[in-house]
Protein chains: 2
Amino acid sequence: MSDNATPFCAAVDWGTSSFRLWLLAEDGGVLGEKRSREGMQSAVAAGGFPAVLDSHLASLSAPPDLPVIVCGMAGARQGWVEAPYVEAPAALDAIALNAVRVESVARDVRILPGVAQRDSARPDVMRGEETQIMGLGADGLVCLPGTHSKWASVSDNRIEAFSTFMTGETFALMAGQSILRHTVGENHEALARPEAFRKGVSDCLDAPEAWLNRLFALRAGPLLGTATPEDAAARLSGLLIGAEIAGARRLLPDARSVVLCASGPLCDLYEAALVHAGYETRIEDADIAVRSGLLAAARRCFS
Amino acid sequence: MSDNATPFCAAVDWGTSSFRLWLLAEDGGVLGEKRSREGMQSAVAAGGFPAVLDSHLASLSAPPDLPVIVCGMAGARQGWVEAPYVEAPAALDAIALNAVRVESVARDVRILPGVAQRDSARPDVMRGEETQIMGLGADGLVCLPGTHSKWASVSDNRIEAFSTFMTGETFALMAGQSILRHTVGENHEALARPEAFRKGVSDCLDAPEAWLNRLFALRAGPLLGTATPEDAAARLSGLLIGAEIAGARRLLPDARSVVLCASGPLCDLYEAALVHAGYETRIEDADIAVRSGLLAAARRCFS
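The rules we used
Residues numbered from 1 in each chain as written. Chains lettered and ligands numbered in written order. Predicted model: local features only at pLDDT ≥ 70, side-chain atom pairs only at ≥ 80, totals over all residues. Heavy atoms only, no water. Helix = DSSP H or I, 4+ residues; strand = E, 2+ residues; numbered from the N terminus. Rg over C-alpha atoms; globule rule 2.2 N^0.38 Å. Buried < 20%, exposed > 50% of the residue type's maximum accessible area, 1.4 Å probe, protein only. Contact = heavy atoms within 4.5 Å. Areas by Shrake-Rupley, 256 points an atom, 1.4 Å probe, with all protein chains shown as cover. Lys, Arg positive; Asp, Glu negative; His and termini not counted. Charge placed at Lys NZ, Arg CZ, Asp CG, Glu CD. Buried area = accessible area lost by both parts, 1.4 Å probe. Salt bridge = Lys/Arg side-chain N within 4 Å of Asp/Glu carboxyl O. Polar contact = N/O pair within 3.5 Å; in protein donor to acceptor, adjacent residues only side chain to side chain. Nonpolar A, V, L, I, M, F, W, Y, C, P; charged D, E, K, R; others polar. Axes fitted to C-alpha atoms, helices over the stretch in contact; angles between N-to-C directions. Parallel < 35°, antiparallel > 145°, perpendicular 65-115°, else oblique. Left-handed = near helix turned anticlockwise from the far one by under 90°.

Colleague: Run through the overall build of chain A, naming residues and quoting values.
Modeller: Within chain A, the secondary structure is distributed over 11 helices and 15 strands. A globule of 303 residues ought to have a C-alpha radius of gyration of about 19 Å, and chain A, at 21 Å, matches this closely. Here the C-alpha coordinates of chain A stretch approximately 65 × 40 × 35 Å along the principal axes. By the burial criterion, 55% of the 303 residues in chain A qualify as buried. Sequence-distant contacts, at least 24 apart, represent 63% of the contacts inside chain A between residues at least 6 apart. For chain A, the exposed surface amounts to about 11,900 Å²; the carbon and sulfur share of it is 47%. If you average the places of the 27 positive and of the 37 negative side-chain charges in chain A, the two averages end up 3 Å apart.

Colleague: Please provide a residue-by-residue account of the interface of chain A and chain B, values included.
Modeller: One frequent convention defines the size of an interface as the accessible area lost when the parts assemble. Counting residues at the interface gives 49 residues for chain A and 49 residues for chain B. Together, the buried faces of chain A and chain B total about 4,300 Å²; carbon and sulfur atoms form 69% of this surface. Run the count over chain A and chain B and you get 2 salt bridges. There are 16 residue pairs in polar contact (both at pLDDT 80 or more) connecting chain A and chain B. Of all elements in the fold, only strand S9 (115-117), strand S10 (124-126), strand S13 (158-165), helix H5 (167-176), helix H8 (211-224) and helix H9 (232-251) of chain A reach the threshold of two or more residues within the side of chain A that touches chain B. Per-element tally for the side of chain A that touches chain B: the top contributor is H8(A), with 11 residues. Tallied by class, residues from the side of chain A that touches chain B come to 26 nonpolar, 13 polar and 10 charged.

Colleague: I'd like a description of the pattern of salt bridges, backed by residues and values.
Modeller: Under the definition given, this model contains 32 salt bridges over all chains. Between Asp13(A) and Arg20(A) there is a salt bridge, with its nearest N and O atoms 2.4 Å apart. Assigned by exposure class, Asp13(A) and Arg20(A) land together as buried. For Arg158(B), the salt bridge identified is with Glu160(B), shortest N-O distance 2.5 Å.

Colleague: An account of the packing of helix H7 (residues 194-206) of chain B against helix H10 (residues 264-276) of chain B is needed here, citing residue identities and associated values.
Modeller: Residues and elements named next belong to chain B. Across the interface, H7 lies against H10 with an axial gap of 10 Å and an inter-helix angle of 55 degrees. With respect to their mutual orientation, H7 and H10 come out oblique. The element H7 and its partner H10 pack so that their crossing is right-handed. Residues Phe-197, Arg-198, Val-201 and Ser-202 of H7 form the contact with H10, whose participating residues are Leu-269, Ala-272, Ala-273 and His-276. Considered class by class, the residues forming the contact of H7 with H10 number 5 nonpolar, 2 polar and 1 charged.

In structure tokens:
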């Protein structure tokens, strides 16, 4: 008989720049939660991975024998313990079965592997997103937007193929470091300018090969008075998300609907872009998805 | 009777970050030359435009009444004296005829206008490149590579349409600031890896919508051993120049041959990419072109 006030495991999403931990009951109920900036990059400086993990578990009064399941960059070669990639097409079961136990600590800590697409025409990797996808429990086309957005084609609980897009990082570089920074300014609330945003999406869907020119046009338009500078951030955001959608259409099997796994303003932006591009969307919260995926893996590993 | 040892004019290409001045005889012979980093951005700090110009003219012992013809960003609104854009389609004659005289100095100094394409679907501007194009004296498709590459369609001595591509700036941001910097490293000699460079060009010509993914693949490939990190800079360079060519094909009337106005390693790269994309190329030196264009304009203004 399960006790839903007793933690079954700690579930950790340990990314490049962020750390999130939940104490989970066997039914998935959240009994405690911690978030910090002690991602992979700063964890070593902060006393190493075991010290960071122990301090958060102690602050939640977790039992000393509570097992821990981890996904994300902690399993990278430059992370805590390398959890070698599972190859795509990757059954979601195989991800849990290939978790790597951390031998150097007494507690039962398992790190989930990422997924690799070892295809010379479209090499790709993910670490962490596979656990979100596992948590979604959905077949079809999945979009996980971010600094490096991931799109995956899932069928029968298997990641068939996936593609990463440098969308968020390109936006940050163009808006913050390029000549466009003078036009784009500081206000990046693209959905405050929905028409300009949708125009950007359409431009890259209709003429995807013109993107290096469309970027410059963001500066030339306001200079010539054919566009307003207030629209520039929304146009830039639309151009890049439109380019991502155009790319996903090219690289992955197309579908009428997309499962959008995101939260906050980014979720709203992608939803607007996907609807404008003609997709039906189903929105799933990214936090809930990763927690569900970690719980499913923990059940496999610890039950 | 012209005297080819006596300067006819001083010709100045005054860009954002560079200053170049030639003393020219009436037949175009170069009687003296100065180059410095006193572009528009630093000219004001260095004592203002007149002081910078006078110091270079004095160092070449130019006569006090020698007229000066200027092209480039010195004619921008934030430059010395604004020379309002001529509208495209722009006859090359109209550029010289719309030179603006600098009233605040005794010497006869004329600043050539840039060209604007006031088209809401593809707004664009150039300042300086129109003078190079004037100097080429060529009809057809012209490519002037750089930080912001320009492609123009020229017929009957008229710039019919043109497109700017943020190719060089995007390369610098991706190679120097993005996650790709770990893979691309410092060695950017793309032509040392001709196969990788051509592969990048082909990738963007064949599937231009996939570029945000192709960028990430530059990192994923070496991580998975399907590509070598030594190829990454060449691939990146090829991807971006390929995207530029794909964009130019989309935006401008296509042609079998391209006049490539460039010099140095960038010229070699673009020639390789254009040939790989199936174009015949005719190479013209960028310095000679701008000098010829300035001389042609000076003849109109000062003869």
